[in-house]
Amino acid sequence: MNKRMKKKKLKSKGENNMDAVVMNNKYNPLNMKILRSKESTTISYEESLEDIEPIDWSDEVLSGKQKVTFKGSK
Amino acid sequence: MCKVGDIIVVEKYIDEGKTLSRHSFVILNDETGEIKGLDYDIVYNVISTFKGEEHKAKKLKYPGNFPIEPEDKNIANSKMNLEGYIKANQFYYFNKQKTKYVVIGNLRSDVFNALIEYIHNLEKIRDVTCNL
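Residues numbered from 1 in each chain as written. Chains lettered and ligands numbered in written order. Predicted model: local features only at pLDDT ≥ 70, side-chain atom pairs only at ≥ 80, totals over all residues.

Draft legend 1. Region of the structure containing the environment of Val26 of chain B. All names here are of chain B. Of note, Val26 is situated in strand β4 (residues 23-29). Residue Val26 is classed as buried on the basis of its 24 C-beta neighbours within 10 Å. Taking the C-alpha atoms as reference points, Val26 and Gly105, separated by 79 residues in sequence, lie 9.4 Å from one another. Contacts of Val26, omitting those with residues within four sequence positions, involve Ile7, Tyr44, Asn45, Ile47, Ile86 and Leu107. (Helix = DSSP H or I, 4+ residues; strand = E, 2+ residues; numbered from the N terminus. Buried ≥ 20, exposed ≤ 12 C-beta atoms within 10 Å, placed from the backbone. Contact = placed C-beta atoms within 7 Å.)

Here you go:
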């Protein structure tokens, strides 16, 4: 393999790695057609929140000074 | 302006004469659509913390409740347990112009995409449309 071909191959590999990074950070939105095809029932806002415990965010979070990032938990 | 994957806090508002408290949600889709003849432009799931260990054990029995936790623990007013879950089978439809909210952060993309994959495989869902 000559130098030009090696360089081209390395570049392609690097580009592929970059693509992988971009793919990993991509948010795939909910597909509404799939969602609307499901059996559904309608409930009130109050009923939906009856067992929900809200988070008491700090003022720094609510004012936008501190950003929150959630990760998965076990 | 909010986008898919963001976590927002919806301010208190009145529903059928009752004042409801402030809750946090993760945005699943931000495209315009129509449900039951009403226009929406945002769909999200609610986020909850655990009331205690018993509540946590009960909630995590359901695969639809996605366990999450903040990367930074110093984000709440009290020393409350910030572990929580996303209620993944319950969908809230809102209209951005009618909703007062603040964006406070986001859900990591790997967790978000796992959540979406789970939702796409659900058989039954619950819709909340009274805010439209």
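Now that the structure has been shown, we can carry on.
Draft legend 2. Fine view of the pairing of strand β9 (residues 84-94) of chain B. All names here are of chain B. Burial analysis of β9 places nine of its 11 residues in the buried class, the great majority of the element. Bridge count between strand β7 (residues 42-49) and β9: seven bridges; the pairing is antiparallel. Note on β9: the bridge partner recorded for Ile42 is Phe94. As defined by bridge partners, strand β8 (residues 65-70) adjoins β9 across four bridges and the pair is classed as antiparallel. Directly across from Ile68, in β9, lies its bridge partner Gly84. Bridge count between β9 and strand β11 (residues 124-128): three bridges; the pairing is parallel. Counterpart to Gln90 in the pairing with β11 is Arg126. (Pairing = 2+ DSSP bridges.)

Draft legend 3. Seen up close, the interface of chain B and chain A. Each side of the interface is counted separately: chain B has 58 residues, and chain A has 41 residues. By residue number, the principal contributor to the side of chain B that touches chain A is helix α2 (residues 109-120) of chain B, which donates seven residues. Note: strand β2 (residues 68-72) of chain A against strand β10 (residues 101-107) of chain B, three bridges, orientation parallel. Looking at the pairing, Phe70 of chain A lines up with Leu107 of chain B of β10 of chain B.

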